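Chain and residue survey
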Amino acid sequence: MKNLLRIGFGGILLAGTTFMASPQQATGFTTIGGSLNLGQRDFRVYNNFNGSNANNNTTIHSNWPQYTGAELSQWKAGAEWNSRAHGDGSGDTSQGTVGSGGANFSFFWNGNASGIGGGNDNIISSIGGSSGGVLAYTETPINDGWRIRFYGDAWNWQDGPGSVTFGIDMQGVGCHELGHALGLGHTTANGATMTAFISGTGQGQRSIQQDDINGVQYIYGVMASSMPSIDSITGSLVPGGTVTITGSGFSTSTNRIWLQSDIVDGTNAGGDHVTITNVPSTNNGTQLSFVLPSSGWQGGALHVKSDVGSAGSLLSESHPFDGQGGGGGGGSNDTINLTVSNSNPTTGSTITFSWDSAPPLMPYTMVWAFTDNSPFFNTYGGIVGTGTTSSLGTGSFSRRVPGGAAGRTAYMEIQVDQNGTIFDSNTITINVQ
Ligand SMILES: [Zn+2]
């Protein structure tokens, strides 16, 4: 089933849904039937968005660690529907708090995928071509998952993260499409994210309104007062490190920690969470302590589930988790924060690459390719530079942009070899003028 988000000239027409909507109220939200079960809370991005503005945000925000560009825009889009604020709720200047659903529902951000996935693999990606005025669509089998496609070539997609004044806002459209994924149809309530009309660039769609909140609460239930909540995550956020979570609503002995899997695939397995089971609480259900596994996980987001079972009220909201996963050789961890001084340079100019959060005093290799096939471990087009990271895990170097790159788009990442385990960075996109 496809729910089509359309845009028309002169402003903005969304129409043509193919589902049978069943109104719950005289005016307001509609549902398409069903709900996502607890095993389908994951969502990922296959970043095949190649527009020049779809991945030009290379700034990492501390409330959203380790992701930038298209991934970050969609992570925020999903987190807006969550039960409570993601971390401290910051990171989007266009709305006060990200995470406003107030229902027994939170999406689970699981990072990158390497393909578009099947119709129920919960992956957001770009599709070529166009379809009239359609911006994007959601395939919604509902209970067992979904798939979202943006018409990548047809629109000037903007990854934000600030105000989007031209083109189309990826975060706003993503928030709308993810509303379909969780079971909502279009609404007649003015200003709601699920309205069949967007205004301007669609940035207003980023923030769900009371009618959308009513909808997600109708489907998943009003957030239970017993739902576990995370206030802070501290400790040693590396393989084998001991982590302390402070919050509330933790059970005595059956808590589960959900970490992102480091599997990057185009099918279902990469969406599964890595689960640490039977974590006891202390301090009256307000503190958890556990040891991070040696491999298999990556940083990004973390949830606490207070007990076994399938009720949505058992799963906490998401919380930023800047863990530095081990990966075990060739893992696509995106744990290093890579930035460039100018992502739209002219040939002959000099640009500077900088990074932090890398393993200290280890050899690095920065690689490029003309396609974004991150991780680039064996598939890169060439090497940009090599060297050794500083004692603080930082570094930088400059390069002159070669004339032969004129008009080309190049994708780059840095890889650091820590005694056989490869850590890599976010991918940056360079659009040579
Ligand atoms: Zn729609």
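Look above for the structure.
Below, the structure is looked at part by part. Keep in mind the model is a prediction, meaning the values are calculated, not measured. (Residues numbered from 1 in each chain as written. Predicted model: local features only at pLDDT ≥ 70, side-chain atom pairs only at ≥ 80, totals over all residues. Heavy atoms only, no water.)

**Side note on unusual backbone geometry**
Geometrically, the link from G160 to P161 is a cis peptide bond, its omega value of 5 degrees lying close to zero. Relative to the assigned elements, P161 resides in the loop between strand 9 (157–158) and strand 10 (168–169). Located in the positive-phi region is N122, a residue other than glycine, with phi close to 60 degrees. Inspection of the secondary structure assignment puts N122 in the loop between strand 5 (108–112) and strand 6 (123–127). (Helix = DSSP H or I, 4+ residues; strand = E, 2+ residues; numbered from the N terminus.)

**Some words on the nonpolar core**
One finds W81, F107, W146, L178 and L182 to be the most contacted residues of the largest nonpolar core, which totals 42 residues. At the level of secondary structure, the elements contributing two or more residues to this core comprise strand 4 (42–45), helix 1 (69–79), strand 7 (134–142), strand 8 (145–151), helix 2 (170–181) and helix 3 (210–220). Listed in part, the 22 residues of the second largest apolar core include L338, F397, I414 and I428. (Core = buried A, V, L, I, M, F, W, Y, C linked by side-chain atoms within 4.5 Å. Buried < 20%, exposed > 50% of the residue type's maximum accessible area, 1.4 Å probe, protein only.)

**Side note on the coordination of the zinc ion**
Those protein atoms acting as donors to the zinc ion are H176 (NE2), H180 (NE2) and H186 (NE2), and they sit at 2.0 to 2.1 Å. You can call H176 buried: its relative accessible area is 0%. (Donors = N, O, S within 2.8 Å, 3.2 Å for Na, K, Ca; no water.)

**Description of helix 1**
Counting buried positions along helix 1 gives 11 out of 11 residues, so the element sits mostly inside the fold. Within the span of helix 1, buried status applies to G69, A70, E71, L72, S73, Q74, W75, K76, A77, G78 and A79.

**Details of the environment of D88**
Among the secondary structure elements, D88 is positioned in the loop between helix 1 and strand 5. Its relative accessible area of 57% is what places D88 among the exposed residues. Between the C-alpha atom of D88 and that of D231, which follows or precedes it by 143 residues, the distance is 8.4 Å.

**Brief notes about the pairing of strand 4**
Judged by which residues are buried, strand 4 turns out to be covered on both faces: D42 and R44 on one side and F43 and V45 on the other are all buried. Across 3 bridges, strand 4 lies against strand 5 in parallel orientation. Across the sheet, residue V45 finds its bridge partner in strand 5, namely N112. Pairing between strand 4 and strand 6: 2 bridges, direction parallel. Bridging from a neighbouring strand, V45 pairs with I124 of strand 6. (Pairing = 2+ DSSP bridges.)

**Some details on the sheet that holds strand 17 (residues 297–305)**
Spatially, the 4 strands line up as an open sheet ordered 14-13-17-18, and their pairing is antiparallel. A strand with exactly one partner marks an edge of an open sheet, and here the two such strands are strand 14 (273–279) and strand 18 (319–321). In this sheet, adjacent strand axes meet at a mean angle of 25 degrees when their direction is disregarded. Here 6 bridges tie strand 13 (residues 255–261) to strand 17, and the two strands are oriented antiparallel to one another. (Axes fitted to C-alpha atoms, helices over the stretch in contact; angles between N-to-C directions.)

**Considering helix 3**
The periodicity of an α-helix, 3.6 residues per turn, causes residues three or four places apart in sequence to face the same way. The element helix 3 is largely enclosed, with a buried count of 8 among its 11 residues. Those residues of helix 3 that sit buried are D211, D212, I213, G215, V216, Q217, I219 and Y220. Tucked into the core, helix 3 has its buried residues touching strand 3 (30–31). Following helix 3 by one or two positions, G221 has its phi on the positive side, about 90 degrees. (Contact = heavy atoms within 4.5 Å.)

Honestly, that's just the spatial picture; any functional story needs more than this.
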